Amino acid sequence: MASFNLKVNGKSFQVEVEDDTPLLWVLRDHLGLVGTKFSCGIAQCGACTVHINGNPTFSCVTPVSSVGNSEVTTIEGLSENGDHPVQQAWKEVDVAQCGYCQGGQIMQAAAFLEQNPNPSMEEIDNAMNRNICRCGTYHKIREAVALAAKNK
């Protein structure tokens, strides 16, 4: 076991885990941050998306040893009261059905809009295409990302 000092959602944590432990399991099992979901485990669905230094990252395949001094943000840390523009748009458009993918979808959208605050619909589609929604709410996801961009 190795000891890692992590910065997650603006707080410092120390964990003792194997250095190849995926960040996802550190967040969920050691820090109790269960908003980041496990789904595929092979970086194909996006349910595990978190931000590392503002960049969307699949935490299921990111070894904790690669995080270093980076700032990790999970869905729990995106906004204290759920009032981030993307979260607000998600509620207004009523995107979620089962809700399982929504944390990853929201984290992907938030990072995308930080880099491209006025996207076209095609740019939204391209940015969100790595995140899978089993319920098929892609039209609502697209609408919510566009609304968040407009309201930001």
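In case you missed it, the structure is sitting above this.
Rules of the game
Residues numbered from 1 in each chain as written. Predicted model: local features only at pLDDT ≥ 70, side-chain atom pairs only at ≥ 80, totals over all residues. Heavy atoms only, no water. Helix = DSSP H or I, 4+ residues; strand = E, 2+ residues; numbered from the N terminus. Rg over C-alpha atoms; globule rule 2.2 N^0.38 Å. Buried < 20%, exposed > 50% of the residue type's maximum accessible area, 1.4 Å probe, protein only. Contact = heavy atoms within 4.5 Å. Areas by Shrake-Rupley, 256 points an atom, 1.4 Å probe, with all protein chains shown as cover. Lys, Arg positive; Asp, Glu negative; His and termini not counted. Charge placed at Lys NZ, Arg CZ, Asp CG, Glu CD.

**Thoughts on the overall build of the chain**
Next up, step 1: Helix and strand counts for the chain come out as 6 helices and 5 strands.
Next up, step 2: In the chain, the order of α-helices and β-strands from amino to carboxyl end is β-β-α-β-β-β-α-α-α-α-α.
Next up, step 3: Rg of the C-alpha trace for the chain: 15 Å, near the compact-globule value of 15 Å for 152 residues, within the 12% margin.
Next up, step 4: Within the chain, buried positions represent 47% of all 152 residues.
Next up, step 5: Expressed as a percentage of contacts within the chain between residues at least 6 apart in sequence, the contacts between residues at least 24 apart total 55%.
Next up, step 6: Accessible surface for the chain amounts to roughly 7,800 Å². Of this, 46% is attributable to carbon and sulfur atoms.
Next up, step 7: Distance from the positive charge centre (11 side chains) to the negative charge centre (16 side chains) of the chain: 5 Å.

**A look at helix H1 (residues 23-30)**
The periodicity of an α-helix, 3.6 residues per turn, causes residues three or four places apart in sequence to face the same way.
Next up, step 1: Among all positions in H1, only Leu 23, Leu 24, Val 26 and Leu 27 are buried.
Next up, step 2: Summarising the contacts, the buried residues of H1 are in contact with strand E1 (2-8), strand E2 (11-17), strand E3 (49-52) and strand E5 (71-73).
Next up, step 3: Backbone geometry just after H1 places Gly 32 at a positive phi near 70 degrees.

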